[in-house]
Amino acid sequence: MERIYLDHAATTPMDQRIVDKMMPYFTEIFGNPSSIHSYGREARKWLDEAREVIAGELHCKSHEIILTSGGTEADNLAITGVAMARQHEGKHIITVKTEHHAVLHTCERLEKLGFDVTYLDVDDTGLIDLDQLKQKLRDDTILATIMYGNNETGVIQPIKEIGELLNDHGAYFHTDAVQAFGTMPIDVADDLHIDLLSASGHKLNGPMGTGFLYVSERVKLSPQLFGGEQERKRRAGTENVAGIVGLAEAVQLTKQNRREKAVYYGKLKETMLQVFDEESLNFSINGHPKETLPHILNVYFPGVSIESLLVNLDMEGIAVSSGSACTAGSVLPSHVLSAMYGEEAKELTSSVRISFGLGNEEEHVKQAARKIATVVKRLAK
């Protein structure tokens with residue numbers, strides 16, 4: 001049985017070119033970047049080059065890139081780091097109910113430390129109301145953290161408008177761009193007015209355990225890991241040189257064909273929906289019809305249990321998910337869909353996320369769509 005992987009929003013297979021690029025840094029260029037001898041200096045050189053590559057993609061300065069272990073650490077550092085650095089100016093933070101748990105749980109922890117967090121609503125397409133954001137801004141608001149593209153539905157928030165609004169106010173703007181980075185062109189300063197941005201390597205066909213946080217040089221940030229003076233004293237710990245080289249290569253490769261990939265993934269999404277229509281399948285799409293990432297498709301199948309559907313599809317060799325990979329194995333309903341439709345909505349128990357990426361071909365998607373249709377019809381009876 002041929003297996004078809006359609007869960008690229010959870011993690012992506014590594015590109016063989018990235019694996020090949022990383023190999024020498026395990027056995028030959030293995031020095032500690034903080035060492036002053038030639039081994040350390042050589043490792044440091046490659047870290048600096050990686051930082052330049054990432055900065056080039058964001059149109060920022062290389063010293064504004066903090067290398068991390070992934071998106072979760074970057075989110076934690078951004079939110080808690082700003083909160084600790086600016087708490088004398090105010091203790092109000094704004095976020096959205098549909099954020100990744102790396103953001104939500106960090107905000108919940110800050111609430112226990114005396115911070116006041118406002119959780120913005122979304123409409124039934126997953127978008128925030130800019131007027132609500134404007135109304136919730138206060139003199140003591142120090143940070144707004146709003147995801148670029150949602151990891152469950154793919155919904156893209158009005159980042160440019162949010163950036164302009166916050167730039168006029170003075171609150172820092174952080175965005176979790178783990179799903180969007182590499183899929184969309186991002187100019188953090190001149191175009192979008194983003195102050196902090198999180199991204200992860202394993203969503204780009206790069207290695208797990210790698211990521212970065214962009215921090216504008218105007219931002220006050222308190223470190224959250226303590227030890228050495230790595231990353232300009234903002235993130236202690238010996239850098240993962242091999243992983244960071246792989247991350248940089250992933251960014252480089254993404255930059256070369258970002259537009260083509262976006263078009264192709266959008267075509268795969270259309271292909272799947274076309275097959276669903278041909279099969280006369282009862283379904284609807286969760287999320288905004290236009291403001292969405294090209295590689296993520298969240299679908300509601302009325303009357304079909306998520307757990308039964310996932311198990312049956314896995315038996316057919318089709319890998320999809322019920323939403324965030326960080327809640328895999330949990331029977332709790334999606335907090336994203338809850339925010340969009342309400343806690344009692346049927347979409348919460350009958351929706352799956354399908355996401356496209358490296359290795360998916362149109363014929364594979366057609367084959368998967370037909371199998372999904374067959375299983376859904378069987379379970380709906």
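About the thresholds
- Residues numbered from 1 in each chain as written.
- Predicted model: local features only at pLDDT ≥ 70, side-chain atom pairs only at ≥ 80, totals over all residues.
- Heavy atoms only, no water.
- Helix = DSSP H or I, 4+ residues; strand = E, 2+ residues; numbered from the N terminus.
- Buried < 20%, exposed > 50% of the residue type's maximum accessible area, 1.4 Å probe, protein only.
- Pairing = 2+ DSSP bridges.
- Domains from an automatic or database assignment.
- Contact = heavy atoms within 4.5 Å.
- Buried area = accessible area lost by both parts, 1.4 Å probe.
- Core = buried A, V, L, I, M, F, W, Y, C linked by side-chain atoms within 4.5 Å.
- Phe/Tyr/Trp six-rings, centres within 6.5 Å; stacked < 30°, edge-to-face > 60°.
- Lys NZ or Arg CZ within 6 Å of the ring centre and 35° of its normal.
- Axes fitted to C-alpha atoms, helices over the stretch in contact; angles between N-to-C directions.
- Parallel < 35°, antiparallel > 145°, perpendicular 65-115°, else oblique.
- Left-handed = near helix turned anticlockwise from the far one by under 90°.
- Nonpolar A, V, L, I, M, F, W, Y, C, P; charged D, E, K, R; others polar.

A word on unusual backbone geometry. Of note in this structure, His 193 is not a glycine but carries a positive phi near 55°. Position of His 193 among the secondary structure elements: in the loop between strand E6 (172–176) and strand E7 (196–200).

Our next topic: the pairing of strand E12 (residues 351–355). Buried residues dominate E12, accounting for five of its five residues. Here E12 shows a buried face lined by Ser 351, Arg 353 and Ser 355 and a second buried face lined by Val 352 and Ile 354. Sheet topology places strand E10 (residues 296–300) next to E12; five bridges connect them, and they run antiparallel. Directly across from Asn 298, in E12, lies its bridge partner Arg 353.

Time to look at the domain arrangement of the protein. We note that the domain assignment places domain 1 (4–12 + 258–380) and domain 2 (16–253) within the protein. Once you take the C-alpha centre of each, domain 1 and domain 2 turn out to be 27 Å apart. Each partner contributes to the interface: domain 1 provides 31 residues, whereas domain 2 provides 33 residues. Both faces considered, domain 1 and domain 2 share a buried interface measuring about 2,700 Å² in area, 54% of it formed by carbon and sulfur atoms.

Mapped onto the fold, His 335 is located in helix H11 (residues 335–341). Taking C-alpha positions, His 335 is 28 Å from Asp 140, a pair spaced 195 residues apart along the chain. In this structure, His 335 is in contact with Lys 97, Thr 98, Glu 99, His 101, Leu 104 and Glu 152, ignoring residues within four places of it in sequence.

Before going further, it helps to examine the nonpolar core. Within soluble globular proteins, side chains that are nonpolar generally end up buried alongside one another. Ranked by size, the top nonpolar core spans 59 residues in total, and within it Leu 58, Ile 65, Phe 181, Leu 197 and Phe 212 carry the most contacts. Element by element, the count of residues in this core is highest for helix H9 (residues 241–278), at nine residues. Ignoring sequence-local partners within four residues, the contact set of Leu 58 consists of Ile 65, Phe 181, Ile 186, Asp 187, Val 188, Leu 197, Phe 212 and Tyr 214. Formed by 28 residues, the second largest nonpolar core is a distinct cluster that contains Ile 4, Leu 6, Tyr 265 and Ile 318.

The subject of this paragraph is the pairing of strand E8 (residues 211–215). Sheet faces and side chains relate simply in a regular strand, where the side chains alternate between the two faces. With five of five residues buried, E8 lies mostly within the body of the structure. Neither face of E8 is open: one carries Gly 211, Leu 213 and Val 215, the other Phe 212 and Tyr 214, and all of them are buried. In this structure, strand E2 (residues 65–68) lies alongside E8, joined through four bridges in antiparallel fashion. Bridging from a neighbouring strand, Ile 65 pairs with Tyr 214 of E8.

Let's shift gears to the packing of aromatic side chains. In this structure the tally under the stated criterion is six aromatic pairs. Ring geometry for Tyr 25 versus Trp 46: centroids 5.7 Å apart, planes at 80°, classification edge-to-face. With Tyr 25 in helix H2 (residues 24–27) and Trp 46 in helix H3 (residues 38–58), the pair connects residues that are 21 residues apart, well separated along the chain. Taken together, a centroid distance of 5.2 Å and an interplanar angle of 80° make the contact between Phe 181 and Phe 212 edge-to-face. Here the residue Phe 181 occupies a position in the loop between E6 and E7, and Phe 212 occupies one in strand E8, the gap between them amounting to 31 residues. Grouping residues by exposure puts Phe 181 and Phe 212 together as buried. The ring of Tyr 172 has Arg 86 sitting right over it, with the charged end atom 4.1 Å from the ring centre.

Each pair of packed helices can be described by the angle between their axes along with the distance between the axes. Across the interface, H3 lies against H9 with an axial gap of 9 Å and an inter-helix angle of 30°. Regarding the angle of H3 to H9, the classification is roughly parallel. For the element pair H3 and H9, the recorded crossing hand is left-handed. Across the interface between the two elements, Ala 43, Trp 46, Leu 47, Ala 50, Val 53, Ile 54, Gly 56 and Glu 57 from H3 touch Val 241, Ile 244, Val 245, Leu 247, Ala 248, Val 251, Gln 252, Lys 255 and Arg 258 from H9. Looking at the contact of H3 with H9, its residues break down into 12 nonpolar, two polar and three charged.

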